[in-house]
There are 2 protein chains.
Amino acid sequence: MARNVSDSDSVRRQNRGLVLGALRVQGPLSRTALAASTGLSHASITAITHDLINQQVIAELEPQEKSDARGRGRPATLVGFNRQIGAAALFEVDVNRARLSLVDYGGILVDRIESPVTPTTFASSPPAVFFAERLRQLQARNPVEAASLRRVAISVQGILDRDGDGLKWSPIAHLANRPFAHELAAAFAVPVALHKRGRLLAEGARWLDPALHDASVATVFVGSTVAMGMTFRGQIMGRGDEGATEFGHMNHLPNGALCRCGMRGCIEAYASDYGVLRTAYSVPETATPAPAVPQQEYDGLIARAEAGDRAATHAFNIAGRAVGFGLSRMMAVFDPSHVFIVGPGARAFGLMQAEINAALASALVCRVNGLPQIVAHHDEKEPIFKGLLMKTLNEIDQSDIAALA
Amino acid sequence: MARNVSDSDSVRRQNRGLVLGALRVQGPLSRTALAASTGLSHASITAITHDLINQQVIAELEPQEKSDARGRGRPATLVGFNRQIGAAALFEVDVNRARLSLVDYGGILVDRIESPVTPTTFASSPPAVFFAERLRQLQARNPVEAASLRRVAISVQGILDRDGDGLKWSPIAHLANRPFAHELAAAFAVPVALHKRGRLLAEGARWLDPALHDASVATVFVGSTVAMGMTFRGQIMGRGDEGATEFGHMNHLPNGALCRCGMRGCIEAYASDYGVLRTAYSVPETATPAPAVPQQEYDGLIARAEAGDRAATHAFNIAGRAVGFGLSRMMAVFDPSHVFIVGPGARAFGLMQAEINAALASALVCRVNGLPQIVAHHDEKEPIFKGLLMKTLNEIDQSDIAALA
DNA sequence: GCATTAATTTCACTGCTCGAAAAAACATGT
DNA sequence: ACATGTTTTTTCGAGCAGTGAAATTAATGC
């Protein structure tokens, strides 16, 4: 029986959450600004901030003298997060790289470790060990933050199970079906959350462009894989908190090109770096995909296509067609007002755009509602990190902090 | 500024809504059962039911003597909806038929009118006039219920605009882009809601099979059109309340068969009745689709296929393939645990099943998570009506009644 | 009739928000 | 230096909804 009853406690949680959320989005605010932003009365804001300050969650900032000509009246005192009360460890795992960032409760990056990943990395050392080693290393270097670790969050690629704490399949070799989330949670006595990279991209895109904060956006990653996350009017879509969009492995052409996942005809098999390379070099569609494509090789192909090379141009056309039809098919189920293209493939957006638009034009939804606005966004690391960061801090805010007695 | 603040009023609304929802789902209940079902304390249930009874929303039922051996202890007095306090008019509009039902607040059908629809129906008389005429007729026949009309809800096919109160496109001739919802609302001084048929199917499926009430279900209608609605763990998905899944017009084959919508290669162009007929009779794919297919012609084709006729069998294979790849592609974005096939095409499910399964097997999500459970459900009128009914009554419960002072 | 049992109601208490008024803290004008 | 105006915060009493525990109500069983 889901406990949906509303009582004074849920009121408290909700309104404290509102205050924390406002501070998260807008940074330090005065109590008056908080009242305006949350819609709560001044009296309530006084009570809530008073509690939060007592609990050391937030603190009054030192008034900044000098600066801007402060107007008349009593000057506002800003309150902001107390960075020391919590820390989170954020792993971003990729096919060829892993990065662990330690951030404090204020969202400030404290320390960071990068490690290469190879197809054998997780075969030789179990994922849980790999992660634990690096986390211990960061903890040793930052004892203060280590003491207040509240969450570990991991950005992964692949398909999560229905609970959202196990990977059932992943393009990263030997990562799926290893219960590293549970093991880490046990080892560090801290909740460990797995997030699909696509979903984080969607979350991150919202934070990077405030104008999109409440829009419906599909964020498509094109690079070593093809992935997608969606937001619907500011809400993250799909499987509650697990996320299940497998856009890259949506079928594009029945019995088509062989994909890394073992299926045939996936969008990824045409639009990812290895897919484009395979097409460009006229390698048979059924050839086993390359396990990894060096960045410069992909960039070289983009350069060749931009220089007019026929084979390269053709390969990107095919890729654009795959992405375009994928979007067109997705839009039959969910139609966003904006589409972001991020990742290395964003640099090739110009080469794919015509085919993408052509494919979208064949969708009824687009004919009726108009084409979504499609924008390429070159950097993709920032959205993922930002998404992971904000999602994790928000989780702490709403689950741990707002519920504090 | 969205008013998300929680106060005693929102608590009241939420908990009253819980009580109304429990009664809606489970029928008349005792106060003790309400407490168990909602999670509220007995004291609160006493207060809430007291208010609701004072407001004539619910009433105590006469104790049913005789029946089952009532145990010891004070006998429970059930409370149930007061049917007289509201009524709703429900239109179901189809390509060849329109039906208007008048129901009371208890969900009991009071009266019903059916009218044929032809491609010229809405050309000769504006939709608003067509609807208003029939509604007036029902009101005249049922003056008591007419006095308490609270909502008009219309089930339509097509694409709604973003506000959800206008049709931007519809397979029903001359129905799109006519502001009949606004006109009706003005004429009858009552809120008028448009609902996509696919979404109602999803809603209705939940109500018909309580086991699915909290599952993730995709309900696919196959018949004169192909449509789909989805629920995610009991929540209706897609564009908030407007609904935008255009499954039938998801592209199946680029540049494929001509669809009624004017696009090419839509799933509908292969899997709807006209599509199957076209394939079976080897009519060129680019031939203009028949405006309507008589029921017996479609049924005849099913019979022929079941008897082993090659052309007919082939046509249903092609249809199954279209539906299967559509589902497979949808599942890259949203993967339900159950798929319902409803509508006339459900009778041909056996003929399509193999191709549907084959197509699904080519989806990575299915390989990893297993195939969803696919079930055909012959009757489709009931789910639509039930969905429209429950959605509308729930709307009244939550918006009008729960918010009463 | 009286004990037993189960459904409902009553009652005292808690915790939250809110509006209005008061207090605080600073700028400006005389 | 001091009164006045402005803006931010806090204080205070009221109101409201939920809760647990105890009391009440209405049957059954012996």
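Keep in mind that this is a model prediction, so the values were computed, not measured.

### Examining the protein's contact with DNA strand D
Alright, step 1. In the vicinity of DNA strand D there are 31 residues, among which A:G73, A:R74, B:N15, B:A43 and B:R74 approach most closely.
Alright, step 2. Counting only elements with at least two residues in the surface near DNA strand D, the list comes to helix 2 (31-38) and helix 3 (42-54) of chain A together with helix 1 (8-26) and helix 3 (42-54) of chain B.
Alright, step 3. Ranked by the residues each element gives to the surface near DNA strand D, the list is headed by helix 3 of chain B, at 5 residues.
Alright, step 4. The residue makeup of the surface near DNA strand D, split by class, is 9 nonpolar, 14 polar and 8 charged.

### Regarding the sheet that holds strand 3 (residues 78-81) of chain A
Residues and elements named next belong to chain A.
Alright, step 1. Taken in spatial order, the 3 strands line up as 1-3-2 in an open sheet, and their pairing is antiparallel. Each end of this open sheet is capped by a strand with a single partner; those strands are strand 1 (29-30) and strand 2 (58-60).
Alright, step 2. Pairing geometry for strand 2 and strand 3, over 3 bridges, is antiparallel. For I58, the partnering residue across the bridge sits in strand 3 and is F81.

### Thoughts on the environment of B:P171
Residues and elements named next belong to chain B.
Alright, step 1. In this fold, P171 is placed in the loop between strand 9 (167-169) and helix 7 (180-188).
Alright, step 2. On the neighbour-count criterion, P171 (23 C-beta atoms within 10 Å) is buried.
Alright, step 3. A sequence separation of 13 residues divides P171 from G158, and the C-alpha atoms of the two residues are 6.3 Å apart.
Alright, step 4. Ignoring anything within four residues of it in the chain, the contact list for P171 reads V95, Q157, G158, T225, R260 and C261.

### Focus: the protein's contact with DNA strand C
Alright, step 1. Around DNA strand C, the structure places 31 residues, and the nearest of them are A:S41, A:A43, A:R74, B:G73 and B:R74.
Alright, step 2. Listing elements by their share of the surface near DNA strand C, those giving two or more residues are helix 1 (8-26) and helix 3 of chain A together with helix 2 (31-38) and helix 3 of chain B.
Alright, step 3. In terms of residues, the surface near DNA strand C owes the most to one element, helix 3 of chain A, which gives 5 residues.
Alright, step 4. Its residues placed into classes, the surface near DNA strand C shows 9 nonpolar, 14 polar and 8 charged.

### Notes on helix 1 of chain A
Residues and elements named next belong to chain A.
Alright, step 1. Between its first and last C-alpha, helix 1 extends 27 Å over 19 residues, near the 27 Å set by a 1.5 Å rise per residue.
Alright, step 2. Looking at the buried residues of helix 1, the elements they touch are strand 1, helix 2, helix 3, strand 2, strand 3 and helix 15 (381-401).
Alright, step 3. Looking one or two places after helix 1, you find G27, whose phi comes out positive at around 80°.

### Details of the relation of the copies chain B and chain A
Alright, step 1. Once chain B has been moved 0.0 Å along the axis and rotated by 180°, it coincides with chain A to within an RMSD of 0.1 Å. Such values leave the two copies arranged in the relation of a two-fold axis.

### A few points about the interface of chain B and chain A
Alright, step 1. Taken together, the contacts link 46 residues of chain B with 45 residues of chain A.
Alright, step 2. For the side of chain B that touches chain A, the secondary structure elements donating two or more residues are helix 1, strand 9, helix 12 (310-330) and helix 14 (364-369) of chain B.
Alright, step 3. In terms of residue count, the dominant contributor to the side of chain B that touches chain A is helix 1 of chain B (5 residues).
Alright, step 4. Here the side of chain B that touches chain A is composed, by residue class, of 23 nonpolar, 15 polar and 8 charged.

### Structural notes on the confidence of the model for chain A
Alright, step 1. Here chain A shows a mean pLDDT of 89. Residues at 70 or above account for 95%.
Alright, step 2. Within chain A, the element-level pLDDT minimum falls on strand 13 (residues 235-236) of chain A, averaging 58, and the maximum on helix 3 of chain A, averaging 97.

### Looking at the pairing of strand 10 (residues 192-196) of chain A
Residues and elements named next belong to chain A.
Alright, step 1. Within strand 10, 5 of the 5 residues are buried, leaving the element largely enclosed by the surrounding structure.
Alright, step 2. Burial along strand 10 is two-sided: the face carrying V192, L194 and K196 and the face carrying A193 and H195 are both buried.
Alright, step 3. Alignment of strand 7 (residues 149-156) against strand 10, held across 5 bridges, turns out to be parallel. Pairing of I154 across the sheet is with L194, part of strand 10.

### Here's the deal with the pairing of strand 14 (residues 338-342) of chain B
Residues and elements named next belong to chain B.
Alright, step 1. Taking burial as the measure, the 5 residues of strand 14 include 4 buried ones, the bulk of the element.
Alright, step 2. Here 5 bridges tie strand 11 (residues 217-222) to strand 14, and the two strands are oriented parallel to one another. What sits directly across from T219, in strand 14, is F340.
Alright, step 3. Examined bridge by bridge, strand 14 and strand 15 (residues 373-377) share 5 bridges and lie parallel to one another. When the sheet's bridge partners are listed, F340 is paired in strand 15 with V375.

Definitions and cut-offs
- Along each chain, the written sequence defines residue order, and numbers are assigned to residues from 1.
- Chain letters and ligand numbers both follow the written order, the letters beginning at A and the numbers at 1.
- Given that the model is predicted, a residue must reach a pLDDT of at least 70 before its local features are reported, and side-chain atom pairs must reach 80 or more before they are shown or counted; all residues, however, enter totals for whole chains, interfaces and linings.
- Only the C-beta atom, placed from the backbone, is used; a residue is near a molecule or strand if that atom lies within 6 Å of it.
- Helix and strand assignments follow DSSP, with helices taken as H or I runs no shorter than four residues and strands as E runs no shorter than two, numbered in order from the N terminus.
- Classes in brief: Ala, Val, Leu, Ile, Met, Phe, Trp, Tyr, Cys and Pro nonpolar; Asp, Glu, Lys and Arg charged; the others, Gly included, polar.
- Between any two strands, at least two bridges found by DSSP are needed for them to pair.
- The burial criterion counts other C-beta atoms lying within 10 Å of a residue's C-beta, which is placed from the backbone; the residue is buried at 20 or more, exposed at 12 or fewer, and partly exposed between these limits.
- The contact criterion used here is simple: two residues whose C-beta atoms, placed from the backbone, lie within 7 Å are in contact.
- Helix span is expected to be 1.5 Å times the residue number reduced by one.
- Copies overlap after least-squares fitting; the atoms used are the C-alpha atoms of residues with pLDDT of at least 70 in both.
- Confidence of the predictor at the level of single residues is given by pLDDT, which spans 0 to 100.

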